[in-house]
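Single-letter residue listing:
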Amino acid sequence: MPEGKALAFAVTGERRCLGVRRGARWAVCPYAAVLDGGSARDQCAECARLDRSRSVAADTMADDPRPYGVYLAYFGPGMLKVGITAAERGAARLVEQGAVTYAWLGRGPLMAARRAEALLGSALEVRDRYGKAEKRAARAALPPVPERVAALAGLHEAARGLEGWPEALEPAAFAWTDHTEVFGLARIPAGAGEVAGLAAGEEIVGDVVAGAGSDLYVRGAGGEGGVFVVDARLLAGWVLRGAAGGVTTATVRVGKGRGKGEVRGEDGAQGSLF
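Here goes a summary of the coordinates provided.

Here is what the cut-offs are and how they apply
- Residues numbered from 1 in each chain as written.
- Predicted model: local features only at pLDDT ≥ 70, side-chain atom pairs only at ≥ 80, totals over all residues.
- Heavy atoms only, no water.
- Helix = DSSP H or I, 4+ residues; strand = E, 2+ residues; numbered from the N terminus.
- Buried < 20%, exposed > 50% of the residue type's maximum accessible area, 1.4 Å probe, protein only.
- Contact = heavy atoms within 4.5 Å.
- Areas by Shrake-Rupley, 256 points an atom, 1.4 Å probe, with all protein chains shown as cover.
- Pairing = 2+ DSSP bridges.
- Core = buried A, V, L, I, M, F, W, Y, C linked by side-chain atoms within 4.5 Å.
- Expected span 1.5 Å × (residues − 1).
- Arc of directions from axis to C-beta.
- Lys, Arg positive; Asp, Glu negative; His and termini not counted.
- Salt bridge = Lys/Arg side-chain N within 4 Å of Asp/Glu carboxyl O.
- Polar contact = N/O pair within 3.5 Å; in protein donor to acceptor, adjacent residues only side chain to side chain.
- Phe/Tyr/Trp six-rings, centres within 6.5 Å; stacked < 30°, edge-to-face > 60°.

**So, the overall build of the protein chain**
Of regular secondary structure, the protein chain possesses six helices and 15 strands. The burial tally for the protein chain puts 44% of its 274 residues in the buried class. For the protein chain, long-range pairs separated by at least 24 residues make up 68% of all intrachain contacts whose partners lie at least 6 apart in sequence. Approximately 13,900 Å² of the protein chain is accessible, and the part contributed by carbon and sulfur atoms is 53%.

Laid out in structure tokens, this is it:
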């Protein structure tokens, strides 16, 4: 989404489970389950369980014939990750995760990709996951691009030198991609607030500053409300309509460096803690 794009919407009704995705279609949740407005999950427990029964992420789809890519992703100083994604998706998974800089390590069958991922975890202690809070904190204080690339290059070289590299995995020469411009990382301020949840009738109004993965950074209406981040996954399951007012009414938690962790709306009134 381009910088300066105006947002003005409200969430209405009840937040409902999106159901189960099979192929290119979503099957409606048979329970019509109502979801918690403070969770990024867009499925109820039963639908999520059904999804995991046929999932690469949950290792219940070992017979997937598609080729997979193994990637190395940089999120911040000391925050290097290894992961896999279907080769046909290209770099979409890296964008979804909000990877700041990344490089491909290899390509091959699913189980070979899984073995490489596990090898880096055990031999080099490379993590396969970082939490939302960790990623957000790192974005506001990133080192220069050359430092990020050097960290990736070092890991790439170390990974290729490991014993036990899966024979079926074709190694990739080191080549990096950075998302500074794509995400607008230079525009993300330190101490941005955050919308930790949504309730029916609440509105978000402002202008887009930047976007990284599912995180959308918004400047309050008129530029007077400060910058806050909203996880777009919180919107899944709601019915959206145009905002009726001119300010954000969703509760925004004040970021570090902008107070002592209190929660305030754009009008300055303290709200309830999440």
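Further notes follow.
**A few points about the pairing of strand 6 (residues 101-108)**
The buried count for strand 6 comes to six of eight residues, which makes it a mostly enclosed element. Here seven bridges tie strand 4 (residues 68-76) to strand 6, and the two strands are oriented antiparallel to one another. Paired with alanine 73 across the strands is tyrosine 102, a residue of strand 6. Summarising the sheet, strand 6 and strand 8 (residues 176-178) pair through three bridges and their orientation is antiparallel. Of the residues in strand 8, the one forming a bridge with tyrosine 102 is threonine 177. With two bridges joining them, strand 6 and strand 7 (residues 170-171) adopt antiparallel strand pairing. The residue of strand 7 that forms the bridge with glycine 106 is proline 171.

**A few points about the nonpolar core**
Core analysis: the largest hydrophobic core is formed by 32 residues, its most contacted members being Val70, Leu72, Leu105, Leu120, Leu169 and Tyr217. Those elements giving two or more residues to this core turn out to be strand 4, strand 5 (79-86), helix 3 (110-124), helix 5 (145-160), strand 10 (203-212) and strand 12 (227-231). It is helix 3 that contributes the most residues to this core, six residues altogether. In this structure, Val11, Val195, Ile204 and Trp238 belong to the second largest nonpolar core, which totals 15 residues.

**Side note on the environment of valine 126**
Residue placement: valine 126 occurs in the loop between helix 3 and helix 4 (132-139). Excluding anything up to four places from it in sequence, valine 126 contacts Leu80, Lys81, Val82, Leu120, Gly121 and Leu155.

**Here we look at helix 5**
In this model, helix 5 (16 residues) spans 23 Å end to end at C-alpha, consistent with the 22 Å of a helix rising 1.5 Å per residue. Buried within helix 5 we find Arg148, Val149, Leu152, Leu155, His156 and Ala159. Angular distribution of buried residues about the axis of helix 5 spans 130°; they occupy a single face of the element. In helix 5, those exposed residues whose orientation departs by more than 90 degrees from the buried face are Pro146 and Glu157. Packed against the buried residues of helix 5 are strand 4, strand 5, strand 6, helix 3, strand 8 and helix 6 (180-183).

**What to know about the side chain of lysine 81**
Topologically, lysine 81 is positioned in strand 5. Of the side chains with opposite charge, glutamate 117 comes closest to the buried, unpaired lysine 81, at an N-O distance of 6.6 Å. A polar side-chain atom of lysine 81 sits 2.4 Å from a polar atom in the side chain of glutamine 97. Ignoring any residue separated from it by four or fewer positions in sequence, one finds lysine 81 in contact with Tyr71, Leu72, Ala73, Phe75, Gln97, Val126, Arg127, Asp128, Arg129 and Tyr130.

**Some words on the packing of aromatic side chains**
Going through the model one piece at a time under the given rule, you end up with three aromatic pairs. Taken together, a centroid distance of 6.3 Å and an interplanar angle of 85° make the contact between tyrosine 71 and tryptophan 104 edge-to-face. Highlighted residues: tyrosine 71 in strand 4 and tryptophan 104 in strand 6, separated in sequence by 33 residues. A residue is classified by how much of its surface remains accessible, and tyrosine 71, at 1% relative accessible area, is buried.

**Details of the pairing of strand 1 (residues 6-12)**
By the criterion of burial, strand 1 is predominantly enclosed, with five of the seven residues buried. Judged from the five bridges that link them, strand 1 and strand 10 form a sheet pairing that is antiparallel. Among the inter-strand pairings, alanine 10 is bridged to a residue of strand 10, identified as glutamate 203. Two strands pair when backbone bridges link them, and strand 1 and strand 13 (residues 239-242) are joined in this way by four bridges, in the antiparallel orientation. Bridge pairing in strand 13 links alanine 10 to arginine 241.

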